[in-house]
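# Architecture at a glance
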Amino acid sequence: MVNFNKSHKLDNVCYDIRGPVMDEAAKMEAEGEKILKLNIGNPAYFGFKAPDNVIKIMERSLTSTEGYSESKGLLEARQAIVRYCKRKSIPNVTVDDVYTGNGVSELITMSMQGLLDSGDEVLVPAPDYPLWTASVTLAGGTAVHYICDEKAHWYPDIDDMKSKITSRTKGIVVINPNNPTGSLYPKEILEQIAELARQNNLLLFADEIYDRLVMDGKEHTSLASVAPDLMTISFNGLSKSHLIAGYRCGWMCLSGDKSKAKGYIEGLNLLSAMRLCSNVPAQSVIPSALDEKNDRADILLPGGRIYEQRKFIYDSINSIPGLSAEKPDAAFYIFPKMDSRFNISDDEKFALDFLKEKKILITHGGGFHWEKPDHFRIVYLPEIDVLKESCEKTAEFFASYHQ
């Protein structure tokens, strides 16, 4: 029987792609209002352009990439991804273990559809990139949220994670670097997570789309690299690191011990074939993008645009009475906390009030499955003059706001 209530179940796990805040923003824009959208990590919206070499490669390859590719993707693209995995010390990956996708989002959904039956559980972080929760739910499973601890630089709370593993748990999702907090997890934390998976025979899902957007001289450690004996699915792509979000260019790779997951892998192969293939012209830029030196790395260094915008937004948020934030290590998000003086019991209402009064669109913490109504996410991709204006308006708003 068709489950007509499925969409209602998803209402509670979808983020700012719908809901009263987004509906109001669309209405205001239709009426001619100009909205500053600090709610979505779309580099092109804030003036970032794709690297010239990426554009030229796609232009040259258009005539040779007509038609479908193999369902998992172009061989040359998958070979480049295998080489990248070796540089990241991700073990036991061959071209047959790589699946290209129309962005990572498509592959996240595919990975859950191939795994879950009704009643199955997956540990997902809180706060999370909410597509993970939605994909688990859409596949018939239950997302069980483990806490990331703001007082510990937003690292996963290992004890909380351990307490939530049951006989129904199938896997653990780790988002590192994290969206929405920008936290980068140390190797020791990843090793503890791997040990939990090892003790409980769980799959690991590593969302590492921001691994090349790390600042302050820090280095990203792939979860799969500390778990060579465990089946791990790692997700990555070019949307963020190469500022080509609209190209829809992502991949996932299977690593570690795959001997106990043959049925699951067969399911992934079937699901991959059912959608024929991912965007073939976009696949053509993967080898060059991964093998050549990243010519946009300067934006992450002192004086670079992302680095300086992070410094500005971090200092500005922490200077506003009643707001505080941990300093992000990576990506381009910050997740401020609102203290009790504002008496906020409904953070979605706060986001709606903020939008109406200041014409700034942000995502409330509940949109990332953070249970307390005391956080919101800012995308700090706009240039500093725009961030300065938005922070001034934010300070004005909180000077008088009280629910």
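Below you will find a few notes about this structure.

## Brief notes about the overall build of the chain
Helix and strand counts for the chain come out as 14 helices and 15 strands. Expected size for 403 residues packed as a compact globule is a radius of gyration near 22 Å; at 21 Å, the chain falls within 12% of this value. Its C-alpha atoms put the chain at 60 × 50 × 45 Å along the principal axes. With 403 residues in all, the chain has 58% of them scored as buried. Counting only contacts in the chain whose residues sit at least 6 apart along the sequence, the fraction spanning at least 24 positions is 74%. Put simply, the chain shows about 17,200 Å² of open surface, and 50% of that area lies on carbon and sulfur atoms. One finds the centroid of the 46 positive side-chain charges in the chain at a distance of 2 Å from the centroid of its 56 negative side-chain charges.

## Thoughts on the sheet that holds strand E6 (residues 169–175)
Read from one edge to the other, the open sheet built from eight strands follows the order E2-E9-E8-E7-E6-E3-E4-E5, with strand pairing classed as mixed. Edge positions in the open sheet fall to strand E2 (98–101) and strand E5 (155–156), since each of these has one partner strand only. Here strand E3 (residues 121–126) pairs with E6 via three bridges, running parallel. Paired with Leu 123 across the two strands is Ile 172, which belongs to E6. Sitting on the sheet, helix H5 (residues 103–113) is in contact with E2, E3, strand E7 (203–207), strand E8 (232–237) and strand E9 (250–255), with an inclination near 40 degrees to E9.

## A closer look at the sheet that holds strand E15 (residues 376–379)
The sheet built from three strands is open, its strands ordered E11-E15-E14 with antiparallel pairing. Two strands close off the open sheet at either side, each with one partner strand: strand E11 (333–334) and strand E14 (363–364). Across two bridges, E14 lies against E15 in antiparallel orientation. Each bridged residue has a counterpart across the sheet, and for Thr 363 the counterpart in E15 is Arg 377.

## Things to note about the state of the cysteines
Summed over all chains, the structure comprises zero disulfides. For the unlinked cysteine Cys 249, the closest cysteine sulfur is that of Cys 277, found at 13 Å. A relative accessible area of 3% means that Cys 249 is categorised as buried.

## Details of the pairing of E3
Extensive coverage of E3 is indicated by the burial of six of its six residues. Here E3 shows no split at all, with Glu 121, Leu 123 and Pro 125 on one side and Val 122, Val 124 and Ala 126 on the other all buried. Judged from the six bridges that link them, E3 and strand E4 (residues 142–149) form a sheet pairing that is parallel. Looking at E4, one finds that Val 122 is bridged to Ala 143. The parallel pair E3 and E4 is bridged by helix H6 (residues 131–138), and the resulting crossover is right-handed.

## Remarks on the packing of H5 against helix H9 (residues 262–274)
At a minimum axis distance of 9 Å, the contact between H5 and H9 shows a crossing angle of 135 degrees. The orientation of H5 relative to H9 falls into the category oblique. The interaxial crossing formed by H5 with H9 has right-handed handedness. Between H5, through Met 110, Ser 111 and Gln 113, and H9, the contact on the second element is made entirely by Tyr 264, Leu 268, Leu 271 and Ser 272. Split into classes, the residues belonging to the contact of H5 with H9 amount to four nonpolar, three polar and no charged.

## Quick look at unusual backbone geometry
Residue Pro 127 follows Ala 126 across a cis peptide bond; omega there is 5 degrees. Along the chain, Asn 176 connects to Pro 177 via a cis peptide bond; the corresponding omega equals -5 degrees. You can see Pro 177 is positioned in the loop between E6 and helix H8 (187–200). Phi angles above zero are rare outside glycine, and Asp 216 is one such case at about 65 degrees. Since its relative accessible area comes to 38%, Asp 216 is described here as partly exposed. Positive phi, close to 60 degrees, is recorded for His 369, a residue that is not glycine. Looking at where His 369 falls in the secondary structure, it is placed in the loop between E14 and E15.

Here is what the cut-offs are and how they apply
Residues numbered from 1 in each chain as written. Predicted model: local features only at pLDDT ≥ 70, side-chain atom pairs only at ≥ 80, totals over all residues. Heavy atoms only, no water. Helix = DSSP H or I, 4+ residues; strand = E, 2+ residues; numbered from the N terminus. Rg over C-alpha atoms; globule rule 2.2 N^0.38 Å. Buried < 20%, exposed > 50% of the residue type's maximum accessible area, 1.4 Å probe, protein only. Contact = heavy atoms within 4.5 Å. Areas by Shrake-Rupley, 256 points an atom, 1.4 Å probe, with all protein chains shown as cover. Lys, Arg positive; Asp, Glu negative; His and termini not counted. Charge placed at Lys NZ, Arg CZ, Asp CG, Glu CD. Pairing = 2+ DSSP bridges. Axes fitted to C-alpha atoms, helices over the stretch in contact; angles between N-to-C directions. Disulfide = S-S within 2.5 Å. Right-handed = clockwise from strand over helix to strand, strands pointing away. Parallel < 35°, antiparallel > 145°, perpendicular 65-115°, else oblique. Left-handed = near helix turned anticlockwise from the far one by under 90°. Nonpolar A, V, L, I, M, F, W, Y, C, P; charged D, E, K, R; others polar.

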